[in-house]
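In case you want the letters, here they are:
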Amino acid sequence: RRQRQMCIRDREIIDPENLAMPSCTQRDWDIIMRILKGKVTRLGKVAKLSQGEVNETTCREFLSTEDVHPLVLRGASISLYAVREASQGTPWRLNVRGFLKKKSKDSKAWDHTRLRIGLQRKAPQNNFRRLIAAPIAKGEFCFDSVSYVTQDDTSMDLDLLLAIVNSKLLDWYFRIVSTN
């Protein structure tokens, strides 16, 4: 019973909200526990993630394939440290004027006016990496398959945040604790 309680307490340290059971070796578990029992700050304490401002389903009326509109970035557009042409999905373009027409200036619809770091939201478990991030230039719109952090939503420099998110250490940790 005591071992079971320790396990639950350790899981509370790793994931206080969900008590997720990491999929890892005992060695990895021991390393994670040493790291988390040290002076570590969770990324959520220094950066607030948002989901892409364009929902491919509910914003369909503003999407087209016409070249006169800017392309909307999807998760597959985000690679390590760079945005590229998406390797999958329809290349949708956004009627910006229609999309922004009834959006308040303080809504996330206007986050396209800020520099951001974007992350793939749906990298599969067997992918070469689980955390994949790139800087997103002002003027770019993102589908909801991209999560992002604006400079206003972090207490860190965006370049430092990008380096941390793309680090092998954080990817290793995320791969172990994010099993779904």
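See above for the structure.
Residues numbered from 1 in each chain as written. Predicted model: local features only at pLDDT ≥ 70, side-chain atom pairs only at ≥ 80, totals over all residues. Heavy atoms only, no water.

(A) Layout of the packing of aromatic side chains. Taken as a whole and judged by the stated rule, the model has two aromatic pairs. Consider the rings of Phe-62 and Phe-99, whose centres lie 6.1 Å apart with planes at 75°: the pair is edge-to-face. Within this pair, whereas Phe-62 is found in the loop between β1 (50-51) and β2 (63-64), its partner Phe-99 is found in helix α4 (residues 96-100), the two being separated by 37 residues in sequence. An angle of 90° between the planes, with centres 5.9 Å apart, marks the rings of Phe-99 and Phe-141 as edge-to-face. Of the two residues, Phe-99 sits in helix α4 while Phe-141 sits in strand β9 (residues 141-142), which places them 42 residues apart along the sequence. Taking the relative accessible area as the measure of exposure, Phe-141 reaches 3% and is therefore buried. (Phe/Tyr/Trp six-rings, centres within 6.5 Å; stacked < 30°, edge-to-face > 60°. Helix = DSSP H or I, 4+ residues; strand = E, 2+ residues; numbered from the N terminus. Buried < 20%, exposed > 50% of the residue type's maximum accessible area, 1.4 Å probe, protein only.)

(B) Seen up close, the pattern of salt bridges. The full count for this structure, using the stated rule, is six salt bridges. Across the pair Arg-116 and Glu-53 runs a salt bridge, and its minimum N-O distance is 3.0 Å. Of this pair, Arg-116 sits in strand β7 (residues 116-120) while Glu-53 sits in the loop between β1 and β2, placing them 63 residues apart in sequence. Of the two residues, Arg-116 and Glu-53, both sit in the buried class. Here Arg-74 ties to Glu-56 by a salt bridge, and the two come within 3.4 Å at their closest N and O atoms. Of the two residues, Arg-74 sits in the loop between β3 (72-73) and β4 (78-79) while Glu-56 sits in the loop between β1 and β2, which places them 18 residues apart along the sequence. Put simply, Asp-111, Arg-114 and Asp-152 are held in one network by salt bridges that share partners. (Salt bridge = Lys/Arg side-chain N within 4 Å of Asp/Glu carboxyl O.)

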